[in-house]
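Architecture and fold: a report
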Amino acid sequence: QVQLVESGGGLVQAGGSLRLSCVASGRTFTFAMGWFRQAPGKERKFLAAVARSGVMTYYENSVKGRFTISRDNAKRTVYLQMNSLKPEDTAVYLCAAQDQNDYTWPPAKWTSWGQGTQVTVSS
């Protein structure tokens, strides 16, 4: 398996920006990587994915135009740049990775998960 550790969460005012990072470690090669979030009492929600090459990306409608996913394979890191943040974005943000290609876009199967980082957006 691959181990994932998120960082960069914190408190930010509405309209502000934040960049999350997720570092992968271990021997397992990663294919697509993605970001999810989970608010209290809510189901985990898929936000964005980036393919192995870093060129192909996918965004859920609620974050299109505000969030940008990217990756640096040399650093084994995936990022989520979040702009124009809203209080509704408050949640625990988790990164995920595939250890094998499921040949589906956006990916349907994720095999590794981070512990999450808290993002709180104040009004």
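Residues numbered from 1 in each chain as written. Predicted model: local features only at pLDDT ≥ 70, side-chain atom pairs only at ≥ 80, totals over all residues. Heavy atoms only, no water.

Quick notes on the nonpolar core
Among the nonpolar cores identified, the biggest contains 26 residues, and Trp 35, Met 82 and Tyr 93 are the most heavily contacted of them. For this core, the secondary-structure elements that each account for two or more residues are β3 (18-25), β4 (33-38), β5 (45-50), β7 (67-72), β8 (77-82), β9 (91-97) and β11 (117-122). Aside from chain neighbours lying at most four places away, what touches Met 82 is Gly 16, Ser 17, Leu 18, Leu 20, Arg 66, Phe 67, Tyr 93 and Val 119. By size, the runner-up hydrophobic cluster in this structure holds six residues, among which are Phe 36, Phe 46, Ala 96 and Trp 110. (Core = buried A, V, L, I, M, F, W, Y, C linked by side-chain atoms within 4.5 Å. Buried < 20%, exposed > 50% of the residue type's maximum accessible area, 1.4 Å probe, protein only. Helix = DSSP H or I, 4+ residues; strand = E, 2+ residues; numbered from the N terminus. Contact = heavy atoms within 4.5 Å.)

Focus: the environment of Val 50
Here Val 50 is to be found in strand β5. Expressed as a C-alpha distance, the spacing of Val 50 and Trp 35, which sit 15 residues apart in the sequence, is 9.1 Å. Ignoring sequence-local partners within four residues, the contact set of Val 50 consists of Ala 32, Met 33, Met 56, Thr 57, Ile 69, Arg 71, Val 78 and Trp 105.

A word on the environment of Arg 71
As for its placement among the helices and strands, Arg 71 is situated in strand β7. Here Arg 71 falls in the buried class, since its relative accessible area comes to 13%. Non-local contacts of Arg 71, meaning those with residues more than four positions away in its chain, are made with Thr 30, Phe 31, Ala 32, Met 33, Val 50, Ala 51, Arg 52, Gly 54, Thr 77 and Val 78. Among the polar contacts made by the side chain of Arg 71, one reaches the main-chain carbonyl oxygen of Ala 51 at a distance of 3.2 Å. Within the structure, the side chain of Arg 71 is placed 2.8 Å from the side chain of Asn 73, a separation counted as a polar contact. (Polar contact = N/O pair within 3.5 Å; in protein donor to acceptor, adjacent residues only side chain to side chain.)

Section: the packing of aromatic side chains
Inspection of every chain in the model, using the stated rule, returns six aromatic pairs. Ring centres 6.4 Å apart and planes at 35° place the aromatic pair Phe 46 and Trp 110 in the tilted group. Here Trp 110 lies in the loop between β9 and β10 (112-113) and Phe 46 lies in strand β5, a separation of 64 residues in the sequence. The same class applies to Phe 46 as to Trp 110, namely buried. (Phe/Tyr/Trp six-rings, centres within 6.5 Å; stacked < 30°, edge-to-face > 60°.)

Thoughts on the environment of Gly 34
Looking at where Gly 34 falls in the secondary structure, it is placed in strand β4. Spatially, the C-alpha atoms of Gly 34 and Ser 70 are 9.4 Å apart, while their sequence positions differ by 36 residues.

Looking at the pairing of β5
In terms of residue burial, β5 counts as a mostly covered element, since five of its six residues are buried. Counting the residues in the hairpin turn of β4 and β5 gives six residues, including Gly 41, whose phi is positive at 75°. Inspection of the sheet shows β5 paired to strand β6 (residues 57-59) by three bridges, in the antiparallel sense. Looking at the pairing, Val 50 lines up with Thr 57 of β6. Where β5 folds back onto β6 in an antiparallel hairpin, the turn is made up of six residues, including Gly 54, whose phi is positive at roughly 85°. (Pairing = 2+ DSSP bridges.)

Overview of the pairing of β8
Most of β8 sits out of view: five of its six residues are buried. In this sheet, β8 lies alongside β3 in antiparallel orientation, the contact comprising six bridges. When the sheet's bridge partners are listed, Val 23 is paired in β8 with Thr 77. Taken together, the six bridges between β7 and β8 define a ladder with antiparallel strand orientation. Note on β8: the bridge partner recorded for Asp 72 is Thr 77. Taking the residues that link successive antiparallel strands as the turn, the β7-β8 hairpin has four residues, and the phi of Arg 76 there is positive, at about 55°.

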